[in-house]
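Here is what each chain is made of, one letter per residue.
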Amino acid sequence: MLTQNIDGLHSRAKTKNVIELHGTANEAICLRCKKVYPITTMINQVLRGKYAPSCEECNGLLKPNAIFFGEPLHSETLLAADELIAECDLLLVLGSSLLVYPVAFYPRKALSLGAKLAIINIQETDVDPYAEIVIHEKIGSVLPRIVELVEKKLNSNNN
Ligand SMILES: [Zn+2]
């Protein structure tokens, strides 16, 4: 799963294979040695009056491990996302208007590699005409209904 969210909710929900394209605000990273800490390490330093929180290893400056405006995305993250897109048979676009790159590029890439596309988003997207299924509603109202229908179908097949 690819996400642009930085809130870490997909990981906390135990979603498997989450690639957080824009990093996570639940961690801090040292700008010098790249050591990663829980965000609480950084917060606790600030609460103790250290307004330039620093790395315990190298004294480099800590920042939240989310991609800030103007920062490049991590290359290893982009490579992992490219691999997922190359492997997928069906790409579900959930709650994205596909206006921010690189996410905006992934549906076209998946289509060019033979995958099908399904889009659930409140607004239209540029790739709506190429999708097998397009639903213009909030994912919060549509996804539970889809899950319910799939569960019913699975249960009826098992009986
Ligand atoms: Zn460091």
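In what follows, the structure referred to is the one given above.
None of the values given here were measured: they were computed from a predicted structure. (Residues numbered from 1 in each chain as written. Predicted model: local features only at pLDDT ≥ 70, side-chain atom pairs only at ≥ 80, totals over all residues. Heavy atoms only, no water.)

A. Structural context of the sheet that holds strand β7 (residues 116-120). Here we have 3 strands laid out as an open sheet, ordered β6-β7-β8, and parallel in their pairing. Looking along the sheet, the strands with just one partner apiece sit at the ends: β6 (90-94) and β8 (133-135). Taking the axes of each pair of neighbouring strands and ignoring which way they run, one obtains an average angle of 10° across the sheet. Packing against the sheet, helix α5 (residues 139-158) makes contact with β6, β7 and β8, and its axis sits at approximately 125° to β7. (Pairing = 2+ DSSP bridges. Helix = DSSP H or I, 4+ residues; strand = E, 2+ residues; numbered from the N terminus. Axes fitted to C-alpha atoms, helices over the stretch in contact; angles between N-to-C directions. Contact = heavy atoms within 4.5 Å.)

B. Fine view of the sheet that holds strand β3 (residues 23-30). Read from one edge of the open sheet, 3 strands run β4-β3-β5, paired in antiparallel fashion. Two strands lie at the open edges of the sheet, namely β4 (36-38) and β5 (62-66), each paired on one side alone. If you compare each strand with its neighbour and ignore which way they point, the axes differ by 45° on average. Sheet topology note: the β3/β5 ladder contains 4 bridges and is antiparallel. Residue pairing across strands places G23 opposite A66, the latter belonging to β5. The sheet contacts of helix α2 (residues 39-47) involve β3, β4 and β5, and relative to β4 the element is tilted by about 70°.

C. Structural detail: helix α3 (residues 75-87). End to end, α3 covers 19 Å across 13 residues, agreeing with the expected 18 Å (1.5 Å per residue, within 8%). Taken residue by residue, α3 has T77, A81 and I85 as its buried positions. Taken end-on, α3 shows its buried residues confined to a sector of 70°, consistent with a single buried face. Relative to its buried face, α3 has exposed residues pointing more than 90 degrees away, namely E76, L79, E83 and E87. Against β1 (2-3), β2 (19-20), β6 and α4 (106-112) lie the buried residues of α3. (Expected span 1.5 Å × (residues − 1). Buried < 20%, exposed > 50% of the residue type's maximum accessible area, 1.4 Å probe, protein only. Arc of directions from axis to C-beta.)

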